[in-house]
Amino acid sequence: MLYVVATPIGNLEDITLRALRVLREVDLIAAEDTRHTRKLLTRYEIDTPLTSYHDGNERTKAASLVKRLEAGEDIALVSDAGTPTISDPGYHLIRAAAEGGVPVTPVPGVSAATAALSVCGLATDRFAFQGFLPAKQGKRRETLRQLQDDDRTLVFYEAPHRIGEALTDMHEILGDRAVLVGRELTKAYEELLRGSLSQVAAALDGTTPRGEFVIVVAGRDEASPVNETMLRAEIAKLLQAGRKANEVAKLMTQTYSLVKRDVYKVVLEVAKRR
Ligand code: SAM
């Protein structure tokens, strides 16, 4: 059996009883960083042998681990933090095991994404996990543009030195939506920053962000601070008063922190109906 075991994202108490039992009982633990996982095992007095399985050796190591599984051994796969394969290695091993007819079972637990979602105070009935945005600005902005019309809550992981740029790009491309930035979740310096994208970006501006971050951004519909009927009525009034479509779109965009492209579409629709 291949067990895919979630481990804590900071607080070592965030591990299930089943995870501890499985880690104790398997023949081998395949870990992203054996030194890191050893700390967890030491805390719970588990002395199961460890082997490394990481981005660098994923493909070659998967084949040798599957051989051991096929020979009847039980292996637990863990990553440095949270749930394996969620922005972490594991995919190749799981795929190779499944293809080889080896049973695979999840031992679920923590993930930074679900931990942040659980406290975000935004809609969580539907969400889109985006993982890390591209590091290069052009690609990052392109990815964000593709998400502009998504009405699901958006979840991102981000490195501390890119958090400012990422929030600024999000504000520019998605509009001034509600956001939760979760820093160092479950750790001693846990911090939850709530507000609009511009407010949270301003709060972090001039600081040197440290630690690990999750960003949860409201989806397109929840983001709108104004309801559409009101917006249409206001647009109609301004057009009636002789203001130009472009001018109205600009004014509404600034007043309600909306995305100009979207507002302009509504302005044109309202203008057509008059
Ligand atoms: N597999 C992990 C999971 O299930 O969440 C994610 C691994 S990914 C390589 C690491 C990223 O997850 C970090 O850069 C950060 O964005 C996020 N992360 C992990 N632990 C976190 C924590 N305690 N607080 C906030 N974000 C965290």
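Preceding this paragraph is the structure being described.
Let me sum up the structure you'll find in this document. Please read all numbers here as calculations on a predicted model, not as lab measurements.

### What to know about the overall build of the protein chain
- Scanning the protein chain from N- to C-terminus turns up twelve helices and ten strands.
- Here the C-alpha coordinates of the protein chain stretch approximately 80 × 40 × 30 Å along the principal axes.
- Counting across all 274 residues of the protein chain, residues that qualify as buried make up 45%.
- Long-range pairs, those at least 24 residues apart, make up 69% of the contacts in the protein chain with a sequence separation of at least 6.
- By element, 50% of the accessible surface of the protein chain is carried by carbon and sulfur atoms, the whole surface being about 14,400 Å².
- In the protein chain, 37 positive and 38 negative side-chain charges are present, and the distance between their average locations comes to 7 Å.

### Focus: the sheet that holds strand 5 (residues 104-107)
- Taken in spatial order, the five strands of this open sheet run 3-2-4-1-5, and their pairing is parallel. Every other strand in the sheet has two partners, leaving strand 3 (50-52) and strand 5 as the edge strands with one partner each. This sheet shows a mean twist of 25 degrees between the axes of neighbouring strands, independent of strand direction.
- This element, helix 2 (residues 34-43), spans strand 2 (28-31), strand 3 and strand 4 (75-78) of the sheet and lies at about 155 degrees to strand 3.
- Seen against the sheet, helix 4 (residues 91-99) touches strand 1 (2-5), strand 4 and strand 5 and runs at an angle of roughly 150 degrees to strand 1.

### Details of the packing of helix 10 (residues 228-240) against helix 11 (residues 245-256)
- Between helix 10 and helix 11, the shortest axis-to-axis distance is 10 Å and the interhelical angle comes to 140 degrees. One element, helix 10, and the other, helix 11, form an angle in the oblique class. In the crossing of helix 10 with helix 11, the sense of the turn from one axis to the other is right-handed. For the pair helix 10 and helix 11, contact is made by Leu231, Glu234, Ile235, Leu238 and Leu239 and by Ala245, Val248, Leu251, Met252 and Tyr256, respectively.
- Across the contact of helix 10 with helix 11, the residue classes break down as nine nonpolar, no polar and one charged.

### Points about the side chain of Thr51
- Position of Thr51 among the secondary structure elements: in strand 3.
- Here Thr51 falls in the buried class, since its relative accessible area comes to 16%.
- Of note is the side chain of Thr51, whose polar atom sits 2.5 Å from the side chain of Lys61.
- Leaving out residues up to four positions away in the same chain, Thr51 has contacts with Leu28, Ile29, Ala30, Ala31, Thr34, Lys61 and Leu65.

### A closer look at the nonpolar core
- Among the nonpolar cores identified, the biggest contains 22 residues, and Phe156, Leu167, Met170, Val181, Ile215 and Val217 are the most heavily contacted of them.
- Within the residue set of this core, elements represented by two or more residues are helix 6 (137-147), strand 7 (153-158), helix 7 (163-174), strand 8 (178-183), helix 8 (197-204) and strand 10 (213-217).
- Per-element tally for this core: the top contributor is helix 7, with six residues.
- Here Leu167 is in contact with Val181, Leu197, Val200, Ala201, Leu204 and Ile215, once residues within four sequence places are set aside.

### A closer look at the pattern of salt bridges
- Applying the stated criterion across every chain, the model contains 21 salt bridges.
- Between Asp262 and Arg261 there is a salt bridge, with its nearest N and O atoms 3.5 Å apart.
- Residue class for Asp262 comes out buried when judged on its relative accessible area of 16%.
- A cluster of three or more residues bridged by salt bridges with shared partners is formed by Arg140, Arg141, Glu165, Asp169 and Glu172.

### Remarks on the packing of aromatic side chains
- Overall, the coordinates contain two aromatic pairs when judged by the stated rule.
- An angle of 75 degrees between the planes, with centres 5.1 Å apart, marks the rings of Phe129 and Tyr157 as edge-to-face. With Phe129 in strand 6 (residues 127-132) and Tyr157 in strand 7, this residue pair connects regions lying 28 residues apart in the sequence.
- For Phe129, a relative accessible area of 33% puts it in the partly exposed group.
- Here a set of aromatic residues connected by ring pairs shows up, and it is made of Phe129, Phe132 and Tyr157.

### Looking at the site of the ligand
- Neighbouring residues of the ligand: 19 residues in total, closest Asp88, Ala112, Tyr157, Leu185 and Phe213.
- Contacts to the ligand include Ser111, whose side-chain N or O atom sits 2.9 Å from an oxygen atom.
- In the environment of the ligand, a nitrogen atom lies 3.3 Å from a nitrogen or oxygen atom belonging to the side chain of Glu212.
- Contact with the protein chains covers 90% of the free accessible surface of the ligand, which is 570 Å².
- For the shell around the ligand, the secondary-structure elements that each account for two or more residues are strand 7 and strand 10.

### Let's talk about the sheet that holds strand 10
- Taken in spatial order, the five strands of this open sheet run 6-7-10-8-9, and their pairing is mixed. If you trace the sheet from one side to the other, it starts and ends with strand 6 and strand 9 (191-196), each paired once. Neighbouring strand axes in the sheet, compared pairwise and without regard to direction, differ in orientation by 15 degrees on average.
- Strand direction decides the pairing type here: strand 6 and strand 7, joined by five bridges, are parallel. Residue pairing in the sheet places Phe129 in a bridge with Val155 of strand 7.
- On the sheet, helix 5 (residues 112-119) packs against strand 6, strand 7, strand 8, strand 9 and strand 10 and is oriented at approximately 130 degrees with respect to strand 7.

Procedures and definitions
- Residues numbered from 1 in each chain as written.
- Predicted model: local features only at pLDDT ≥ 70, side-chain atom pairs only at ≥ 80, totals over all residues.
- Heavy atoms only, no water.
- Helix = DSSP H or I, 4+ residues; strand = E, 2+ residues; numbered from the N terminus.
- Buried < 20%, exposed > 50% of the residue type's maximum accessible area, 1.4 Å probe, protein only.
- Contact = heavy atoms within 4.5 Å.
- Areas by Shrake-Rupley, 256 points an atom, 1.4 Å probe, with all protein chains shown as cover.
- Lys, Arg positive; Asp, Glu negative; His and termini not counted.
- Charge placed at Lys NZ, Arg CZ, Asp CG, Glu CD.
- Pairing = 2+ DSSP bridges.
- Axes fitted to C-alpha atoms, helices over the stretch in contact; angles between N-to-C directions.
- Parallel < 35°, antiparallel > 145°, perpendicular 65-115°, else oblique.
- Left-handed = near helix turned anticlockwise from the far one by under 90°.
- Nonpolar A, V, L, I, M, F, W, Y, C, P; charged D, E, K, R; others polar.
- Polar contact = N/O pair within 3.5 Å; in protein donor to acceptor, adjacent residues only side chain to side chain.
- Core = buried A, V, L, I, M, F, W, Y, C linked by side-chain atoms within 4.5 Å.
- Salt bridge = Lys/Arg side-chain N within 4 Å of Asp/Glu carboxyl O.
- Phe/Tyr/Trp six-rings, centres within 6.5 Å; stacked < 30°, edge-to-face > 60°.
- Near = heavy atom within 4 Å.

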